[in-house]
Amino acid sequence: MIISLLTSVLSITLRAGTSLVYATVGEIYTERSGILNLGLEGMMLMGAVTAFATAYYSGSVGLGLVVALAVGAMLAAIHAFLTVTMRANQVVSGLSITLFGSGLASFLGQRLGPVSNNYYLVGMVGPKFTPIRIPWLSKIPVLGALFSQDILTYLVYLLVPLAWFYLYKTREGLNLRAVGENPQTADAMGINVTRTRYLYTVFGGMLAGLGGAHLSLAYTPGWTENLTGGRGWIVIALVIFAMWNPARAILGAILFGGINAVQFRIQAAGTTIPAEFLNMLPYLLTILVLIVMTWWEALSKRIGAPAALGNAYMREDK
Amino acid sequence: MRIIFEKRQSISRRAMVLVPVVSFLVSLLLGAILLLISGANPFETYAAMARGTFGSTYNFSETLVKAIPLMLTGLGVSIAFRMRFWNIGAEGQLTLGGVAAAWVALYWAGRVPAFLLLPLAILAGMVAGALWAGVPAFLKAYLGVDETLTTLMLNYVAILFAAHLYYGPWRDPQGYGFPGTAQFDPSVWLPRLVGTRAHLGLIFAIVLALALWFVLNRTRWGFELKIIGENQVAARYLGIGIARNIVLALLLSGALSGLAGACEVTGISRRLQQGLSIGYGYTAIIVAWMAQLNPIAVLFVAILMGALLVGGDQVQMTMGLPASMGLVLQGMILFPMLAGSLFTEYRLRIVRPEKTDPLASETVEAAS
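We now turn to the structure provided with this report.

Rules behind the numbers
Residues numbered from 1 in each chain as written. Chains lettered and ligands numbered in written order. Predicted model: local features only at pLDDT ≥ 70, side-chain atom pairs only at ≥ 80, totals over all residues. Heavy atoms only, no water. Helix = DSSP H or I, 4+ residues; strand = E, 2+ residues; numbered from the N terminus. Buried < 20%, exposed > 50% of the residue type's maximum accessible area, 1.4 Å probe, protein only. Contact = heavy atoms within 4.5 Å. Areas by Shrake-Rupley, 256 points an atom, 1.4 Å probe, with all protein chains shown as cover. Lys, Arg positive; Asp, Glu negative; His and termini not counted. Charge placed at Lys NZ, Arg CZ, Asp CG, Glu CD. Core = buried A, V, L, I, M, F, W, Y, C linked by side-chain atoms within 4.5 Å. Buried area = accessible area lost by both parts, 1.4 Å probe. Polar contact = N/O pair within 3.5 Å; in protein donor to acceptor, adjacent residues only side chain to side chain. Nonpolar A, V, L, I, M, F, W, Y, C, P; charged D, E, K, R; others polar.

1. Examining the overall build of chain B
Phase 1: If you tally the helices and strands in chain B, you get 14 helices and two strands.
Phase 2: Seen along its three principal axes, the alpha-carbon backbone of chain B occupies a region of about 95 × 55 × 35 Å.
Phase 3: Taken across its 368 residues, chain B has 56% of its residues classed as buried.
Phase 4: The long-range fraction of contacts in chain B, counting pairs at least 24 apart against all pairs at least 6 apart in sequence, stands at 78%.
Phase 5: In the form shown here, chain B has an accessible surface area of approximately 16,700 Å², with 66% of it arising from carbon and sulfur atoms.
Phase 6: Positive and negative charge centroids in chain B, built from 25 and 17 side chains respectively, lie 7 Å apart.

Okay, structure coming up:
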């Protein structure tokens, strides 16, 4: 009984956490280059709707992923153009990406569907990623849940160590961190600040699109309005929680995936707590995480935010 | 020869007016491309949108109905944005304002004189909105907690709380399961312009915009807010209380959004129900930024954005296009706007390589 409960909690945690890890790792890279991307919510929504529509018509979930990556990249390229080239305010640019992305995702969701459903995508059933049980390993009590996931979750196991290694152990990772800490010095060292910022903003957008695709193709297959439910925003908080370290991205995802799992179990067990209050938990937890991290930062001086985060770089300004 | 950006001595006034206008036109152009791709005639669509929003007195009044909450939340958001406090919680502040007004309307009736009920409901809405914005303001001012995320997260909490009320304890027992409270007593209905749904909130918005313009541009407090937004270090040297001002400004900001919510429930739905806010609090961000945080400009931009919302509904009814067309157009306005803002602060200059005499370059080479 307790074993099956733990297994199910761990399993839901992993499934719910996957999209968060993708987007968090992506945003860590973007912010490490000095660009704050508040457009994640819009990028995840667009990734989700386009991935589902593509998979629905082509029958290929893989193609859905490719489209989600491309859509995330395009939206991120707009953000990079506005903030890097045009030096627009990063907060407002990110907000407008989110407003535009959620509006367009809603539009597409009512336009890309089949004629029989009045062009609505909502309610359609399409192909989805199914869990792949790894022989032997998936039989282990409780921890077996780690090995009966869909392919995108398995990829997370690879992504996180790779992202950590690249950032801290390679030349390119060092350059990226230099740009986010001090673009003037990085420029003087011969690193192309503009190129670096474009590159990692687009990379972050691709991962956000992928996170969105995991929602519509694996976690809750299908499309509904506002499918992400604020996950794109929670990710911004998770980046702070992870202290801009990709290895710690997994912790935040476990925390928030875990909240989803607990919510789900409490509801399934039958409770007198109104569902709306349970649904508030992730949002209240985000606020709590922010308060704790800010307090911690005040104590230990610095938790790792790139020093140039949010600042446009202009050579002429010296 | 190369192109460089040169910082202007002062912000270009011409660019300040030109950039939003051009941005709107660019957004229509981009929207036309989207319409063409999705198989609709852009000219017909835009004509239908224009007719549906400005075509008749009634249509225009419906545009105003959508514009009123955008004006109030837009004003609220601009105050916060002036201090570079990114309040994206207007949606939640509006929702709680509606909840508080509904609470007074439903549960205070009969306990206070009837003529006091409406003013009290509106006041309650403003207080609730102010407190809801006060929480992230306090966290930011005294603990340094990032406000973008806290204001946004509180939106979800407020919306879920309102849902809990109209699905649960406040649900109308005679409502056949409809998610909403019972209709308010007519003494709490906000007066409407005869024959339309446009309500007194419009007058509130105009008066408040004028008052805010005065406060922000002609009083010491307005000046203090401006300094805090532009240069916190300078503000500190001038002895301006930053934390106190952040909290005060945000209480005001939230009160305006709360007022929007109170006006919505007492003026439009006359009950608390599902769909109290249709994203007004988010569109308010576009309104504030496009109006360049000028309270008077907020009024006009809000009408334009209201028109895009009503226009979206119109093309859904007449042409079967999704109503979110309006949201897409709104979302696209800020891109050219942001790109163009560079030109209000910088100017492009083409630099020709200076004529260097060969001798000088030789010395440089020799030195290196």
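2. Focus on the nonpolar core
Phase 1: Membership of the largest hydrophobic core comes to 206 residues, with the highest contact counts inside it found for A:L217, A:W223, A:W233, B:W289 and B:M305.
Phase 2: Of all hydrophobic cores here, the second largest spans six residues; its members include A:V179, A:I191, A:V193 and A:Y313.

3. Topic: the interface of chain B and chain A
Phase 1: The interface is formed by 47 residues belonging to chain B together with 46 residues belonging to chain A.
Phase 2: When the buried surface of chain B facing chain A is broken down by residue, B:L149, B:M153 and B:F335 rank first, second and third, together holding 16% of it.
Phase 3: Counting across the interface, chain B meets chain A through five residue pairs in polar contact (both at pLDDT 80 or more).
Phase 4: Residue assignment for the side of chain B that touches chain A shows that the elements contributing at least two residues are β1 (2-7), α5 (114-143), α6 (147-167), α11 (280-290) and α13 (325-345) of chain B.
Phase 5: Sort the elements by how many residues they give to the side of chain B that touches chain A and α6(B) lands first, with 13 residues.
Phase 6: Across the side of chain B that touches chain A, the residue classes tally to 36 nonpolar, nine polar and two charged.

4. So, unusual backbone geometry
With the exception of glycine, most residues fall at negative phi, and the peptide bonds are largely trans.
All names here are of chain A.
Phase 1: Of note, V142 is a non-glycine position whose phi angle comes to about 60 degrees, a positive value.
Phase 2: Among the secondary structure elements, V142 is positioned in the loop between β1 (132-133) and β2 (148-149).
Phase 3: Of note in this structure, N226 is not a glycine but carries a positive phi near 55 degrees.
Phase 4: Secondary-structure assignment places N226 in the loop between α8 (193-219) and α9 (231-241).

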